[in-house]
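Residue strings, one per chain:
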Amino acid sequence: MDFTFVSGDPALDLTGTVGSRRDEAVDLLRSPADLERWVAECPGLPDDVSADEAGFRLALSLREAIYRLALDRVLDRPFDPVSLRIVNDTAAGSPPVIKLSDSGLCVSGDLPEVLSELARCAVALLADARSCLKECGRTDCTRIYLDRSRGSRRTWCGMEECGNRVKAAAYRARRLASAAAGPELGSGQRPGRRQRER
């Protein structure tokens, strides 16, 4: 499956690798190889990181801790202490190395450094009281995203994945309702000539 990066922050994008958490959860990180591919595709992270089984388990633990804390923010409740400890302990590690060159920014590091960077992103995001975190408005989607839109009016995690699906479903529902109503005149319509003559 393809990964999507629409949450507005790498830490939230990591939590978005699990979909439909309230129903039948779909986990896109099923193996260390999946994690390696996600890291390589995530903007701002190293593109050549290897993950063993132990590192993979640490990444999943961090992902769930970040998700729990982000949900705590969305629901305006105190942070879960266990999740706080996991995120803070991971953030205390060394971050990836960044270098500037003529070709742009180069980021390098191993998996523990990547996890430390993701935890730091989560800390910075969740510590900022101005950060507007929301859960996607599509019923089946549980992705949490950072709303940077003007007036914080964004409704879905992403238009392509969820917004268009909601709009398409609403359009289909209107078409079905219209078809079920049959040829009856809608409100405000004037009868045609043949109807007036009857």
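Computed from a predicted model, the values in this text were never measured in an experiment. (Residues numbered from 1 in each chain as written. Predicted model: local features only at pLDDT ≥ 70, side-chain atom pairs only at ≥ 80, totals over all residues. Heavy atoms only, no water.)

Draft legend 1. Geometry of the overall build of the chain. Across its full length, the chain carries 7 helices and 6 strands. Across the 198 residues that make up the chain, the buried fraction comes to 35%. Of the contacts formed within the chain by residues at least 6 apart in sequence, a portion of 54% connects residues at least 24 apart. Carbon together with sulfur atoms contributes 52% to the accessible area of the chain, which is approximately 12,300 Å² in total. (Helix = DSSP H or I, 4+ residues; strand = E, 2+ residues; numbered from the N terminus. Buried < 20%, exposed > 50% of the residue type's maximum accessible area, 1.4 Å probe, protein only. Contact = heavy atoms within 4.5 Å. Areas by Shrake-Rupley, 256 points an atom, 1.4 Å probe, with all protein chains shown as cover.)

Draft legend 2. Fine view of the packing of aromatic side chains. Taken as a whole and judged by the stated rule, the model has 1 aromatic pair. Pairing Phe 5 with Trp 38 gives two aromatic rings, centres 5.8 Å apart and planes at 35°, and the pair type is tilted. With Phe 5 in the segment before helix 1 (10–15) and Trp 38 in helix 2 (residues 32–41), this residue pair connects regions lying 33 residues apart in the sequence. Over the face of the ring belonging to Tyr 67 we find Arg 21, whose NZ or CZ atom lies 3.8 Å from the ring centre. (Phe/Tyr/Trp six-rings, centres within 6.5 Å; stacked < 30°, edge-to-face > 60°. Lys NZ or Arg CZ within 6 Å of the ring centre and 35° of its normal.)

Draft legend 3. Seen up close, the pairing of strand 3 (residues 97–101). Sparse coverage of strand 3 is indicated by the burial of 0 of its 5 residues. The pairing of strand 3 with strand 4 (residues 104–108) spans 5 bridges and is antiparallel. Across the sheet, residue Ile 98 finds its bridge partner in strand 4, namely Val 107. Hairpin remark: strand 3 followed by strand 4, antiparallel, with 2 residues in the connecting loop. (Pairing = 2+ DSSP bridges.)

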